[in-house]
Amino acid sequence: MPFRVLADIIAVTHVAFIAYVVAGGFLAWRWPRTIGLHLLAASWGFATILIGFDCPLTHAENWARRQAAVAELPASGFIDHYLTGVIYPDSALGLIRAFAAAAVLVSWIGYVRLHQRHRRFSSGAV
């Protein structure tokens, strides 16, 4: 039972990480010091899709599932198991990825603009 709970905690952590990859740049608008963490998270998130890096959270969840004697995630991975076909249809995967990339890009552009405006007002130039 404890390993099943651990697997569930890891799955929730994984969802939170994915949400942070998509929306963390917007959090940096309010807390600018978090932009470095978001750059790392977004880089890792996109690398798992574009390059095919394995996610350590998927490995951790599979380990906990094995310890709990329940089936591991399918070879297609966490996103395909929990999100694709569940939250959005398989046919929308490309659109969802484009939306996520656009959200990250918009958040970074907004961050840069806010940071430039803050520097301008801090230096006294209006």
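See the structure printed just above.
These lines cover the structure that appears in this document, whether it is placed above or below.

Here is what the cut-offs are and how they apply
- Residues numbered from 1 in each chain as written.
- Predicted model: local features only at pLDDT ≥ 70, side-chain atom pairs only at ≥ 80, totals over all residues.
- Heavy atoms only, no water.
- Phe/Tyr/Trp six-rings, centres within 6.5 Å; stacked < 30°, edge-to-face > 60°.
- Helix = DSSP H or I, 4+ residues; strand = E, 2+ residues; numbered from the N terminus.
- Buried < 20%, exposed > 50% of the residue type's maximum accessible area, 1.4 Å probe, protein only.
- 1 Å grid on protein atoms, 1.4 Å probe; cavity = no way out; pocket = protein on both sides within 12 Å on 5 of 7 lines; lining within 4 Å.
- Points joined across faces, edges and corners; volume = space filled by probe spheres on them.
- Nonpolar A, V, L, I, M, F, W, Y, C, P; charged D, E, K, R; others polar.
- Bend = angle between axes of the 7 residues up to and from the residue.
- Salt bridge = Lys/Arg side-chain N within 4 Å of Asp/Glu carboxyl O.
- Expected span 1.5 Å × (residues − 1).

1. Focus on the packing of aromatic side chains
Logical step 1: Under the definition given, this model contains four aromatic pairs.
Logical step 2: The interplanar angle of 65 degrees and the centroid separation of 5.2 Å between the aromatic rings of Phe-26 and Trp-29 together place this pair among those described as edge-to-face. Of this pair, Phe-26 and Trp-29 both sit in helix H1 (residues 2-30), three residues apart, which is roughly one turn of that helix.
Logical step 3: According to the relative accessible area criterion, Trp-29 is partly exposed, its value standing at 37%.
Logical step 4: Residues Trp-44 and Phe-53 carry aromatic rings whose centres are separated by 5.5 Å and whose planes lie at 15 degrees to one another, so their mutual orientation is stacked.

2. Section: the environment of Leu-39
Logical step 1: If you trace the backbone, Leu-39 turns up in helix H2 (residues 35-50).
Logical step 2: Its relative accessible area of 39% is what places Leu-39 among the partly exposed residues.
Logical step 3: Considered as a pair, Leu-39 and Val-21 are 18 residues apart in the sequence and their alpha carbons are 8.6 Å apart.

3. Some details on unusual backbone geometry
Logical step 1: You will see that Ala-69, though not glycine, has its phi angle at about 60 degrees, which is positive.
Logical step 2: By the element assignment, Ala-69 lies in the loop between helix H3 (56-67) and helix H4 (78-82).

4. So, the layout of surface pockets
Logical step 1: The computed volume of the largest pocket comes to approximately 880 Å³.
Logical step 2: Forming the boundary of the largest pocket are 34 residues, of which Ile-18, Gly-45, Thr-48, Ile-49 and Ile-79 lie nearest the centre.
Logical step 3: Listing elements by their share of the lining of the largest pocket, those giving two or more residues are H1, H2, H3, H4 and helix H5 (93-122).
Logical step 4: Element by element, the count of residues in the lining of the largest pocket is highest for H1, at seven residues.
Logical step 5: Looking at side-chain class alone, the lining of the largest pocket contains 22 nonpolar, nine polar and three charged residues.

5. Topic: the environment of Arg-66
Logical step 1: You can see Arg-66 is positioned in helix H3.
Logical step 2: Each C-alpha atom, one on Arg-66 and one on Arg-4, is 9.1 Å from the other, the two residues being 62 residues apart in sequence.

6. Thoughts on H1
Logical step 1: Where H1 bends most, at Ala-23, the angle is about 60 degrees.
Logical step 2: Within H1, the full set of buried residues consists of Ala-7, Ile-10, Ala-11, His-14, Tyr-20, Val-21, Gly-24, Gly-25 and Ala-28.

7. Concerning the pattern of salt bridges
Logical step 1: Enumeration according to the criterion identifies three salt bridges in this entry.
Logical step 2: As a salt-bridge pair, Arg-4 and Asp-8 come within 3.5 Å of each other at their nearest N and O atoms. Taken together, the residues span about one helical turn, with Arg-4 and Asp-8 both in helix H1 at a distance of four residues.
Logical step 3: A relative accessible area of 31% means that Arg-4 is categorised as partly exposed.

8. Comments concerning H2
Logical step 1: Look at H2: 22 Å from first C-alpha to last across 16 residues, which is about the 22 Å you get at 1.5 Å a residue.
Logical step 2: All of the buried residues in H2 are Ile-35, His-38, Ala-41, Ala-42, Gly-45 and Ala-47.
Logical step 3: Where H2 terminates, the next one or two residues include Gly-52, which has phi positive at roughly 95 degrees.

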